[in-house]
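Structure assessment
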Amino acid sequence: MLILSCASKLQLLETLLKRNLPQTVAVYGAVVNINRGNPVGHEVIVDSWPDCKVVLTRPRTEADTDNTDLYKNIYAAFYWDLDVYRRLLLDTDAVNWNPCVQKQTGFLLATYSGCWPVLTCVGLDDLSQKGGSWVLPTSLSILFLPVISSRLDSSFTISTLKSSHVDILNETWHHGGNEQSRRYLDNIVKCFPNICILDNNGHPISWGITDPLGAQIHGYTLPSHRRRGYLAIVLRALSMKSHVAGCPVYGHTALNNVQMQRFRTFNRLLLSV
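To keep things clear, this report deals only with the structure shown in the data block.

Conventions used here
- Residues numbered from 1 in each chain as written.
- Predicted model: local features only at pLDDT ≥ 70, side-chain atom pairs only at ≥ 80, totals over all residues.
- Heavy atoms only, no water.
- Helix = DSSP H or I, 4+ residues; strand = E, 2+ residues; numbered from the N terminus.
- Buried < 20%, exposed > 50% of the residue type's maximum accessible area, 1.4 Å probe, protein only.
- Contact = heavy atoms within 4.5 Å.
- Areas by Shrake-Rupley, 256 points an atom, 1.4 Å probe, with all protein chains shown as cover.
- Polar contact = N/O pair within 3.5 Å; in protein donor to acceptor, adjacent residues only side chain to side chain.
- Salt bridge = Lys/Arg side-chain N within 4 Å of Asp/Glu carboxyl O.
- Phe/Tyr/Trp six-rings, centres within 6.5 Å; stacked < 30°, edge-to-face > 60°.
- Lys NZ or Arg CZ within 6 Å of the ring centre and 35° of its normal.
- Pairing = 2+ DSSP bridges.
- Axes fitted to C-alpha atoms, helices over the stretch in contact; angles between N-to-C directions.
- Parallel < 35°, antiparallel > 145°, perpendicular 65-115°, else oblique.
- Left-handed = near helix turned anticlockwise from the far one by under 90°.

1. Thoughts on the overall build of the protein chain
- Scanning the protein chain for helices and strands turns up nine helices and 11 strands.
- Taken across its 273 residues, the protein chain has 47% of its residues classed as buried.
- Residue pairs in contact within the protein chain that sit at least 24 positions apart in sequence constitute 65% of those at least 6 positions apart.
- Working note: accessible area of the protein chain is about 13,100 Å², and carbon and sulfur atoms make up 52% of it.

Right under this line is the structure:
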């Protein structure tokens, strides 16, 4: 197990992961953010270099991380060799098994998946010996860039979120509603690309934000402003902003949100024609 800290090696790794998109999208997004200032203090683990079979990103071990804080303990992984990946997880200290770890991984044939494929491949019995709790997948990620057919109300403006907006983000996020989630949202609003639509009073009515893995999360429009295409406007603006920053363009969609999955897939197909 190696901690990859050399800037030139990290840049080579970013290029390698980019060549393997979309399968590597989650870990690629994490490495992109690491190479562009590393605002949340993550690091890269590989099994070997330069012929690595596994790439894993995690919070720095020396960082001030609360082991009970699910929102900070975010991992991303991609592997070319399942046996090497299994050994890295089970026979090294690459993963902190104490907290409720939010484990995100991609397999060679999958664009992106949640933690369940890891549990299935490695074995639930093996992982249970490590202790801690596991969070089952709640989202699916799809590459997308929305096609816009809506117009913004003339009294509204496209802007970015501020810390003063975090309370409403926390109240409306299905993973939010607690102090840890509030701190997490406040941090990513400060550190990563986001877009919102403000009404004539300066209050956000639709927004989208990105997380430490470069994924778009918490795309939301207040119920009183829905069915006007505002979220499509937000997501397209956020996608362009992420693309200009060199980040991948993809996002989380709830597994039961079939309408949004179809929306993102449809727009992806339109762009590929």
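2. Comments concerning helix α3 (residues 82-91)
- Within the sequence span of α3, burial applies to Val84, Tyr85, Leu88, Leu89 and Leu90.
- With a side-chain oxygen positioned 3.0 Å from the backbone nitrogen of Asp83, the residue opening α3 is Asp81.

3. Re the pattern of salt bridges
- With the rule as written, the count across this model stands at five salt bridges.
- Salt-bridge contacts for Glu43 lead to Arg58; the nearest nitrogen and oxygen are separated by 2.7 Å. Taken together, the residues span a long stretch of sequence, with Glu43 in strand β2 (residues 42-46) and Arg58 in strand β3 (residues 54-59) at a distance of 15 residues.
- Exposure remark for Arg58: the relative accessible area of 4% places this residue in the buried category.
- For Asp83, the salt bridge identified is with Arg86, shortest N-O distance 3.0 Å. One end of the pair is Asp83 and the other is Arg86, both in helix α3 and three residues apart, which spans about a single turn.

4. Examining helix α2 (residues 25-35)
- Of all the 11 residues making up α2, 10 are buried; the element is thus mostly covered by neighbouring parts of the structure.
- Within the span of α2, buried status applies to Val25, Ala26, Val27, Tyr28, Gly29, Ala30, Val31, Val32, Asn33 and Ile34.
- In the stretch just after α2, Gly37 is the one whose phi turns positive, near 105°.

5. Focus on the environment of Thr92
- Its location among the elements puts Thr92 in the loop between α3 and β5 (102-106).
- Judged by its relative accessible area of 25%, Thr92 falls in the partly exposed class.
- Sequence-wise, Thr92 and Met1 are 91 residues apart; in three dimensions their C-alpha atoms are separated by 7.5 Å.
- Separated by 2.5 Å, the side chain of Thr92 and the backbone oxygen of Leu88 make a polar contact.
- There is a polar contact of 3.2 Å between the side chain of Thr92 and the backbone nitrogen of Ala94.

6. A look at unusual backbone geometry
- Cis geometry is adopted by the peptide bond preceding Pro22, which originates at Leu21 and carries an omega value of 5°.
- One can find Pro22 in the loop between α1 (7-19) and α2.
- The phi dihedral of Asn38 is positive, around 50°, even though this residue is not glycine.

7. Section: the packing of aromatic side chains
- Counting across every chain of the model gives seven aromatic pairs.
- Look at Tyr79 and Tyr85: their rings are 4.2 Å apart centre to centre, the planes differ by 15°, and that puts the pair in the stacked class. Take Tyr79 and Tyr85: they sit in the same class, and that class is buried.
- Aromatic ring contacts, followed pair by pair, group Tyr71, Trp173 and Tyr184 into a single cluster.
- In this arrangement the basic side chain of Arg226 is found over the ring face of Tyr220, its NZ or CZ atom lying 5.1 Å from the centre.

8. Concerning the pairing of strand β10 (residues 216-221)
- With five of six residues buried, β10 lies mostly within the body of the structure.
- As defined by bridge partners, strand β9 (residues 204-210) adjoins β10 across four bridges and the pair is classed as antiparallel. In the strand pairing of β10, Trp207 is matched with Tyr220.
- Linking β9 to β10, which pair antiparallel, is a turn of five residues; within it Gly214 sits at a positive phi near 80°.

9. What about the packing of α1 against α2?
- With their axes 10 Å apart at the nearest point, α1 and α2 run at an angle of 150° to one another. In terms of orientation, α1 lies roughly antiparallel with respect to α2. The two elements α1 and α2 meet at a crossing, and its hand is left-handed. Judged by residue contacts, Leu10, Gln11, Leu13, Glu14, Leu17 and Lys18 of α1 engage Val27, Tyr28, Val31, Val32, Ile34 and Asn35 from α2.

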